[in-house]
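Next come the chains, spelled out residue by residue.
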Amino acid sequence: MNYDFKEIEAKWQKYWAENQTFKAENNSDKEKFYVLDMFPYPSGAGLHVGHPLGYIASDIYARYKRHQGYNVLHPMGYDSFGLPAEQYAIQTGQHPAITTKTNINRYREQLDKIGFSFDWSREVRTSNPDYYKWTQWIFIQLFNSWYNNNTNKAEDISTLVTLFEKEGNATVNAVSDDDISVFTADEWNAFNTKKQQEILLQYRLTYLAETEVNWCPALGTVLANDEIINGVSERGGHPVIRKKMTQWSMRISAYAQRLLDDLNTIDWPQPLKDSQTNWIGRSQGASVTFNVKNHKEQIDVFTTRPDTIFGVSFMTLAPEHELVATITTPEQKAEVDAYIQATAKRSERERMADVKTISGAFTGAYAEHPFTKKPIPIWIGDYVLAGYGTGAVMAVPCGDQRDYDFAKHFNIPIPNVFEGVDISEEAHADKDKTIITNSDFLNGLPYKKAMKLAIYELEKIGHGKGKINYRLRDAVFSRQRYWGEPFPVYYVNGMPQMIDAKHLPITLPEVEKYLPTETGEPPLGNANVWAWCTKENKVVDNSKINNETIFPLELNTMPGWAGSSFYFNRYMDPNNTGAIFSDDAINYWQDVDLYIGGSEHATGHLLYARFWQKFLFDKGVVPKNEFAKKLINQGMITGTSAFVYEALHNDKSLQIYESAGLFDGPNYLNSEHPKYEELLKLLNSKGISENELSDVSYRLIHANVSFVNASDELDIEAFINWRPEYKDADFITEEDGTFKVKREVEKMSKSKYNVVSPDSICEEYGADSLRLYEMFLGPLEQSKPWNTAGITGTHGFLKKLWRLYLDDNGAKFTDTAPTKDNLKTLHKTIKKVAEDIENFSFNTSVSTFMICVNELSSQKCTSKEILEALAILVSPYAPHIAEELWQQLGHNTSIATAPFPKFDASHLVESSKEYPVSFNGKMRFKLELPLDLSKDEIEATVMAHEKTIAQLQGREPKKIIIVPGKIINIVG
């Protein structure tokens, strides 16, 4: 009976689907265990072999926990809103819903082929109205909440209104906008409705505000910081500029300290925790106010070094700072405007990372030092960000390197306030053991004392106060896109109103085109039916807007992270139409026990999800403050890319490609080149003479790895037919006519043409071989290169495993009792595999299986007792073959919930020892003896042995050295 993996895998995948083998119950006497993967965005390219790495690991753990008797929740769904589907819609006119559905079907087909134990009855799709109804519901809860610093949690906005009605806002301790005017209860009660709504927007946890955003003109949308790489959009590589727009924002800053503190309560990788800690960026210092000379305006700055306030020699504002236009003098206006325009083309990340470029412009205005009253020149510089702190810094060049470099560049004075410190070459940043000097009342004080006194004196003169600051900014929550969650918001007299939750979901309208309107409105501005009727509580035609009962709806949509910030909770009760989930479901499942996904989501999804979880916890919706107890970041499976050398002339392609075996650096174009004449002839045909060879250079371009064989030889015909621009290409080959590519290990990516599809692997070797091989490649957390040739090893192992149970004549197993060696091998394997799974060391488990099967094969093991246990051990890793072997062993139910074998240490305890018996230090023979024999019993047994008698030939030994369990030496 042969191992027909195609038939076996199709059979059991069908069985699992028909019998809903992995369906979890919300009401169970079993202990729960929730295993979750970060759900994928379904791209048109489908999965490559790098994508399933984390899924296989989580599936092994989920299956292991089922064997242990847990009620396991292991769901899967799709993060199905997003820019790629919208971009495709813009290009083709096809509705993003159609593209998304096609891509999901492709993903589902691939996931099923790999044999994952997902509970598909709980599948969610963020673009499904039944799902985003609850994204909209959470948005409404945030809008109707404020953050009370006294209770340190979110509370209903009605409690804030009550405070305003009774006391005004002077004593309210809330997270809010900075520029709120103080009012009394009488004044509040006298305000009209619109004025009250404007004030409440300054306190709500989601609010409208004019915000400095990353605007991508090519994509027509705002991008989050984590969607920008090296100053361009992650999607498409388009330029991004900074501009001000009225946007919805989330007051995540209210949770900054809790987000920091609670990192200590979760078992997440330390590098990821460090990323979040740095991103949140807590710092302690002071807020300092500087008056602007000849203006009524003031500039507020936050500094961690108020002790150095007498070292301020200039101020730097972010180019986007709101005061720049007001305070800039006419003489400086042209220079300042040009600088602002240039800065707008650089992203925040680019500006933060670029420490070498020094640039700025003088506004012509001066601030006044709060103590000395001396004038301080006010500059603008792109190293100051409008979104961090107040968008202004008091520059102390003697104590900050960026300020120092700026001052040196623009010849600004650098006063020294550090006693005995040389600042002739660089700034002095070390706080400890520093004594302050040239600082009036701070002279002679060390850092900590000087800091406290400086804050005290600033507070006394009304120019500052002690403050804790966070780098974390409120999250912009608007996107100028079509394919996203609509806001449940309409506008009355320009003020946002929430649609009652009972009328949700507000679904996406049909539009003729997915680009912004001609007047620059988001794509929803193209919709004809996109207005809210308060009388009928439904969406109606725009032409009916009358500002009495029919009002305009919000034209922006929510960002991609909205739907992924609570999906883990929705999985607990995904088909509930009356609530986000039932109390029974959330109280049973509580939280995620194991979460596996990429570290690249550290400051995006994982931070936002923690924020929403804490908010829902404050509101009593969820029982846990953190959504995932343990998180593992899986590493990356890299691909081996193929490159060809392309000749350039003045950076333009010549359509000449040279084999990597001939290439020997950029300066070798001379007569010593092995194919110089051929190369020169080709260059001449392109109009390039021998004298112009110095203008010829090369670059590496990717070739599709499917065109390259195991010997790194390119299929030239396939390459030529790949793209139209290669149809007239010329190739300089090796002497034998072959064309070699250059190989490099890179991230596996469609754009690098180095992806390997799991479909082809499953077709040739089977899903179980793929699963084992991906685990065998190395530790889960590390990156490792893919090599398809290596999968033959795991495939060969599975065939050997099969032959342990079955051969051409059928079953080999019997009811015979296992031997001592059989039991030793089995229990050694049980112990190691259980330890490996608990420690997520899946690669060493695969090695253990191989050793086990080799040993049992050598022992000619046929014991059903041993082979049943082995099938269960293998099942989490290679579930299809395990199910088939389980059935062959006589079972008529799935192996999925068979109890995990229990380790019995007694089978690993050695009962005997094979002693080397030596005469005068030379080993003559070996003798196996029970380990419990005493020294005298060992001596008696050895001396009576026929080989000892033969060695001694009647002589009496002078000494007998015996160490029980170790050595026997007879000295004659």
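Because the structure is predicted, anything quoted here is derived from the model rather than measured.

The rules behind these values
- Residues numbered from 1 in each chain as written.
- Predicted model: local features only at pLDDT ≥ 70, side-chain atom pairs only at ≥ 80, totals over all residues.
- Heavy atoms only, no water.
- Pairing = 2+ DSSP bridges.
- Helix = DSSP H or I, 4+ residues; strand = E, 2+ residues; numbered from the N terminus.
- Salt bridge = Lys/Arg side-chain N within 4 Å of Asp/Glu carboxyl O.
- Buried < 20%, exposed > 50% of the residue type's maximum accessible area, 1.4 Å probe, protein only.
- Patch = residues over 30% accessible without salt bridge, like charges linked within 9 Å, V, L, I, M, F, W, Y side chains within 5 Å.
- Areas by Shrake-Rupley, 256 points an atom, 1.4 Å probe, with all protein chains shown as cover.
- 1 Å grid on protein atoms, 1.4 Å probe; cavity = no way out; pocket = protein on both sides within 12 Å on 5 of 7 lines; lining within 4 Å.
- Points joined across faces, edges and corners; volume = space filled by probe spheres on them.
- Nonpolar A, V, L, I, M, F, W, Y, C, P; charged D, E, K, R; others polar.

(A) Examining the sheet that holds strand E10 (residues 241–250) more closely. A sheet is described by the order of its strands in space; here four strands give the open sequence E7-E6-E10-E18, paired in antiparallel fashion. Edge positions in the sheet fall to strand E7 (221–223) and strand E18 (475–476), since each has one partner strand and no second. In this structure, E10 lies alongside E18, joined through two bridges in antiparallel fashion. Note on E18: the bridge partner recorded for Ser249 is Val476.

(B) Region of the structure containing the pattern of salt bridges. Taken as a whole and assessed by the stated rule, the structure comprises 38 salt bridges. With a shortest N-O distance of 3.1 Å, Asp591 and Lys624 are connected by a salt bridge. Residue Asp591 is located in the loop between helix H17 (583–589) and strand E24 (594–597), and its partner Lys624 is located in the loop between helix H18 (605–618) and strand E25 (631–633); the two are separated by 33 residues in the primary sequence. Judged by relative accessible area, Lys624 falls into the partly exposed class, the value being 27%. Across the pair Arg699 and Glu646 runs a salt bridge whose closest N-O atoms are separated by 2.6 Å. Of this pair, Arg699 sits in strand E28 (residues 696–703) while Glu646 is found in strand E26 (residues 637–649), placing the two residues 53 residues apart along the sequence. Note on Glu646: relative accessible area 4%, which makes it buried. Within the structure, one salt-bridge network assembled from shared partners comprises Lys32, Asp591, Asp593, Lys624 and Lys629.

(C) Inspection of a nonpolar patch on the surface at higher detail. On the surface, Ile961, Val963 and Ile967 cluster together into a nonpolar patch covering about 200 Å² of accessible area. Take Ile967: it is sitting in strand E37 (residues 967–971).

(D) Spatial organisation of empty space enclosed by the protein. Evaluated as defined, the whole model comprises two cavities of 30 Å³ or more. Approximately 90 Å³ is the volume attributed to the largest cavity. In terms of lining residues, the largest cavity is bounded by Asp354, Val355, Thr357, Ile358, Ser359, Asp382, Tyr383, Arg402, Asp405 and Phe406. In the lining of the largest cavity, the residues fall into four nonpolar, two polar and four charged.

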